[in-house]
Amino acid sequence: MKQLLPLILIILIIGCKGQNSETMKHQYTNALINETSPYLLQHAHNPVDWNPWNKTTLEKAKTENKLILISVGYAACHWCHVMEHESFEDSLVAQVMNKNFINIKVDREERPDVDQVYMNAVQLMTGSGGWPLNVITLPDGRPVWGGTYFKKEQWMDALDQISKLYTEDPEKLQDYATKLEEGIKSLDVVQLNTDEPIFEKPFIQEAINNWSKQFDNNKGGMNQAPKFMMPNNYHFLLRYAYQNNDAKLLDFVNLTLKKMAYGGVFDQIGGGFSRYSVDAKWHVPHFEKMLYDNGQLVSLYADAYLVSKNKLYEDVVHQTLNYIKKEMTTSNGAFYSSLDADSNTPEGELEEGAFYVWTKDELKLILKDDFDLFSDYYNVNNYGFWEHDNYVLIRKDDDNTIIKKHNITESVLTEKKNKWESILIKERNKRAKPRLDDKTLTSWNALMLKGYADAYRVFGNDDYIASAEKSANFILNNQLREDGGLNHNYKDGKSSINGYLEDYATTIDAFITLYENTLNEKWLTTARDLANYAFDHFFDESSIMFYFTSNEDASLVSRSIEYRDNVIPASNSIMAKNLFKLSHYFDNEHFSKTAMTMLNNIKPEMKEYPSGYSNWFDLMLNYAQPYYEVAIVGKDAKQKINNLNKTYIPNKLIAGSTSENNMPLLESRYNPNSTLIYVCVNKACKLPVSEVKDAIKFLKE
């Protein structure tokens, strides 16, 4: 087996090409033609005999006693494009794959459970991972070999070696598979922590001190390249800095948010964020735009605006939501998944970033007399240069600096920027657009729904809460089943995959946020019902954690517990925060004890790698410092909540009603003659007040 491992290349992130048209127009058509995933459909006319991941395909491998070749990617992934073009479109490669393997294509966004198991396997085998993810397994699905991107010759050589070994010495592969299976199953094991749960601020501070050694105090973010935005990291750090008057940490968070907003990673013309930058100054992005990044970043920048009142943050929120509305929203209120990094050049070549970049000559032609000012504002110079005469628009100076330098007024600059945006958007839309992944994922929709609700909370734009409610109703009407469970995906009127814990966790979180902004109790009761369903189908009694997959799903090599936060927080950390809040709303001791135990289980790992546990640290703050219940009851409850939300208070939940209500936090508190605000902490309440400013004083104590 060792002789095969040198063939494996290290992580090369992102990509995925495709073709379309009716079957009759193509030389080859495989079983993926019946799928709805855009990524799978892109491979439906490869000469490779691809199959979807399903029971029939897996049984076929066992019946024919053939090795399984599993290739995992997603529609916005650049290097998936490359490998498809080099290998999967090649008829000679296809002959080898079709002869010796049952070939399965997996969309990692549709099947994160499959991706997680085999990503763990490849990381154990090679020390790294990424997409495309390519794995060979025994007929029973246990992995024996894998890697990421391979050139054609390396790929064919590896396939030949594995096939030969399976024919001549299958016991060797069986032994290796058994050992690897044990390793995979040990990766995400969580032990029940029976120590007393103690959550104190010094523990959190020590972790942040550890973490701060990696901060880039010049350009923001971590001191490395590529740079991922990791919204939850900065949301937690923002909260901690604010609550603890840590000016240095707050400066770092603001530096990071400013640099990201100035960078090419933010689409300066069209709005919205790309997935990450390949360099240290947030300049050149991997140009794909993912829904989950933009949803979380809207929430982050909205809260950062409350703290700083920085207009840049407000602009970022509005531009991003304008992009989401125009490019990523369906007629029924749901959201699409992503836009590809690649698009066609005028010469018909597929090229990364072709839709977004500009040459100096075309900008001069388009902008005419405005070019000099524009080029200074967006650095069409050495600072903004990318490659091949192309520039990615990037900012370096704030508006005041530009105003003084060019001796113009703020209104003139604003007028110029609006004009440039209009001209360049019109010009850019003449180009071939990046491919849209138009499937809908419940978990990602919930993140975007929450982003809209958070933007409404901060900026009071009625269109934002309307979009949030429309999205929430889409989930209720299309993804919530009669048995109380959620579906994961939706495309062309069809949902085909049972929901994962991430779908429940993010939807519960979004519905609680929606309740706090609308006082419509159906969102809160639905959140509670979804939590109860998760206990019935995902909960592990031995560890007091939740599995990623339902007990109704077919078993994989390992049933994992996802608890490490990544670009999207772990489903267990979101779930624990949900249970903490729901325990307050419904006075539910079981929810309360579960949340506390879950956090205690993870505590031993948190300090050494805090960036991987930022959402758990956010929950820990709820215990380490005062956490308030704010109940507002009376005919003016909504107005007072809107006023209260103009102040950043992250350590609170809101309950409210404009009439009599028997919810534990609201019972017997309605007065038809006045609207009163009750501030409670640790089951003790202050005297009710009628003025928001007086309630805020209690919340700042």
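In the block above lies the structure referred to throughout.
Here's what I pulled together on the structure shown here. Residue numbers run consecutively from 1 along every chain, following the written order of its sequence. pLDDT decides what is reported in this predicted model: residues at 70 or higher carry local features, side-chain atom pairs at 80 or more are listed and counted, and totals for whole chains, interfaces and linings draw on all residues regardless. Water and hydrogen atoms were dropped before computing side-chain values, which therefore reflect all heavy atoms in the structure.

### Quick notes on the overall build of the protein chain
1) Next: Across its full length, the protein chain carries 25 helices and 23 strands.
2) Next: A radius of gyration in this sense is built from C-alpha atoms; the matching globule rule multiplies 2.2 Å by the number of residues raised to 0.38. For the protein chain, whose C-alpha radius of gyration is 26 Å, the value lies close to the compact-globule estimate of 27 Å for 701 residues.
3) Next: Referenced to the eigenvectors of the C-alpha coordinate spread, the extents of the protein chain come out at roughly 85 × 70 × 50 Å.
4) Next: Burial statistics for the protein chain: of 701 residues in total, 59% are counted as buried. Per the convention used, a helix needs a DSSP run of H or I reaching at least four residues, while a strand needs a run of E reaching at least two, with both numbered from the N terminus. Relative accessibility thresholds used throughout: buried, under 20% of the residue-type maximum; exposed, over 50%; partly exposed, between the two (1.4 Å probe, protein chains only).

### Here's the deal with the packing of helix H9 (residues 231-243) against helix H23 (residues 614-624)
1) Next: Between N-to-C directions, angles span 0 to 180 degrees; the directions come from axes that are lines fitted to C-alpha atoms, helices contributing only their stretch in contact. Interhelical geometry of H9 versus H23 gives an angle of 30 degrees and a closest axis separation of 8 Å. On the basis of the axis angle, H9 is roughly parallel to H23. Between H9 and H23 the crossing geometry is left-handed. When H9 is examined against H23, the residues Asn232, Asn233, Phe236, Arg239, Tyr240 and Gln243 are found in contact with a partner set consisting of Ser614, Asn615, Phe617, Asp618, Leu621 and Asn622. Roughly parallel means an angle under 35 degrees; roughly antiparallel means over 145; roughly perpendicular covers 65 to 115; every other angle is labelled oblique. Crossing handedness is defined as follows: a turn of the near helix away from the far one that is anticlockwise and smaller than a right angle gives a left-handed crossing, while the clockwise case is right-handed. Throughout, a residue-residue contact means that at least one pair of heavy atoms, one from each residue, lies within 4.5 Å.

### A few points about the layout of surface pockets
1) Next: In this analysis, the protein atoms alone were mapped onto a 1 Å grid. Cavities are point sets where a 1.4 Å probe fits without being able to get out; pockets are open sets with protein on both sides within 12 Å along at least five of seven lines; lining residues have an atom within 4 Å of a point. Grid points are joined across faces, edges and corners, and a volume is the space filled by probe spheres set on the points. Counted as a void, the largest pocket has a volume near 1,700 Å³.
2) Next: Lining the largest pocket are 50 residues, and of these Gln123, Trp131, Asp565, Asn566 and Val567 lie nearest its centre.
3) Next: If you list the elements that add at least two residues to the lining of the largest pocket, you get helix H5 (112-126), strand S6 (227-228), H9 and helix H21 (571-586).
4) Next: The dominant element in the lining of the largest pocket, judged by the number of residues it contributes, is H5, at seven residues.
5) Next: Residues are grouped as follows: nonpolar covers Ala, Val, Leu, Ile, Met, Phe, Trp, Tyr, Cys and Pro; charged covers Asp, Glu, Lys and Arg; every other residue, Gly included, is treated as polar. Considering only residue class, the lining of the largest pocket consists of 26 nonpolar, 14 polar and ten charged.
6) Next: Quantified by volume, the second largest pocket comes out at close to 800 Å³.
7) Next: The wall of the second largest pocket is formed by 36 residues, among which Trp53, Asn54, Lys55, Leu58 and Arg111 lie closest to the centre.
8) Next: Sorting the residues of the lining of the second largest pocket by element identifies helix H2 (55-64), strand S3 (101-107), H5 and helix H7 (170-187) as the ones contributing at least two each.
9) Next: Among the elements that make up the lining of the second largest pocket, the one with the highest residue count is H2 (four residues).
10) Next: Within the lining of the second largest pocket, the residues separate by chemical class into twelve nonpolar, nine polar and 15 charged.

### As for the pattern of salt bridges
Side chains bearing opposite charge may pair, as long as their charged atoms lie close to each other.
1) Next: The rule for a salt bridge is simple: a side-chain nitrogen of Lys or Arg has to be within 4 Å of a carboxyl oxygen of Asp or Glu. Inspection of every chain in the model, using the stated rule, returns 38 salt bridges.
2) Next: For Lys185, the salt bridge identified is with Glu181, shortest N-O distance 3.1 Å. Within this pair, Lys185 and its partner Glu181 are both found in helix H7, separated by four residues, close to a single helical turn.
3) Next: Here Asp509 makes a salt bridge to Lys450, at a shortest N to O gap of 3.9 Å. Of the two residues, Asp509 is situated in helix H19 (residues 501-518) and Lys450 in helix H17 (residues 442-459); the sequence distance between them amounts to 59 residues.
4) Next: Via salt bridges that share partners, Asp303, Lys450, Asp454, Arg457 and Asp509 belong to a single interconnected network.

### A word on the environment of Val265
1) Next: Relative to the helices and strands, Val265 is located in the loop between helix H10 (247-262) and strand S7 (276-277).
2) Next: When its relative accessible area of 0% is taken as the criterion, Val265 is described as buried.
3) Next: When the C-alpha atoms of Val265 and Lys227 are compared, they prove to be 9.6 Å apart, with 38 residues separating the residues in sequence.
4) Next: Once residues within four sequence positions are removed from consideration, Val265 is found in contact with Met229, Met260, Gly272, Phe273, Ser274, Tyr276, Ser277, Trp282, His283 and Pro285.

### Concerning the packing of aromatic side chains
1) Next: For Phe, Tyr and Trp, where Trp contributes only its six-membered ring, two rings pair if their centres lie within 6.5 Å, and the inter-plane angle classes them as stacked under 30 degrees, edge-to-face over 60, or tilted in between. Inspection of every chain in the model, using the stated rule, returns 46 aromatic pairs.
2) Next: Between Tyr301 and Tyr313, the ring centres sit 5.5 Å apart and the planes meet at 75 degrees, which makes this aromatic pair edge-to-face. In this pair, Tyr301 is assigned in helix H11 (residues 291-308) and Tyr313 in helix H12 (residues 311-327), connecting sequence segments twelve residues apart.
3) Next: In this structure Tyr313 comes out as buried when scored by relative accessible area, which is 1%.
4) Next: Among the aromatic side chains, those forming a connected cluster through ring pairs are Phe203, Trp211, Phe215, Tyr234, Phe236, Tyr240, Phe252 and Phe617.
5) Next: The criterion for a charge sitting over a ring is simple: Lys NZ or Arg CZ within 6 Å of the ring centre, and within 35 degrees of the ring normal. Over the ring of Trp50 we find Lys105, and its NZ or CZ is 5.3 Å from the ring centre.

### Concerning the nonpolar core
1) Next: Only buried Ala, Val, Leu, Ile, Met, Phe, Trp, Tyr and Cys residues count toward a nonpolar core, and they belong to the same one when joined by side-chain atoms within 4.5 Å. Ranked by internal contacts, the top residues of the largest apolar core, which has 209 residues, are Trp155, Leu237, Tyr301, Phe546, Tyr585 and Trp616.
2) Next: Take this core: its biggest share by element is eleven residues, from H17.
3) Next: In contact with Trp155, not counting residues within four places along its chain, are Leu69, Met83, Ser87, Phe88, Val93, Met97, Asn134, Trp145 and Phe150.
4) Next: Within the second largest apolar cluster, 18 residues are counted, among which are Ile366, Phe374, Leu413 and Trp420.

### Examining the sheet that holds strand S15 (residues 436-437)
1) Next: The strand order across the open sheet formed by three strands is S9-S10-S15, and the pairing between neighbours is antiparallel. Each of the sheet's edge strands pairs with one partner strand only, and the pair in question is strand S9 (289-290) and S15.
2) Next: Two strands pair if DSSP finds at least two bridges between them. Looking at chain direction, strand S10 (residues 338-339) and S15 are connected through two bridges and run antiparallel. Its bridge partner lying in S15, Ser338 is registered against Asp437.

### Remarks on helix H3 (residues 78-88)
1) Next: Among the eleven residues that make up H3, eight are buried, leaving the element largely enclosed by the rest of the structure.
2) Next: Every buried residue of H3 is listed here: His78, Cys80, His81, Val82, Met83, Glu84, Ser87 and Phe88.

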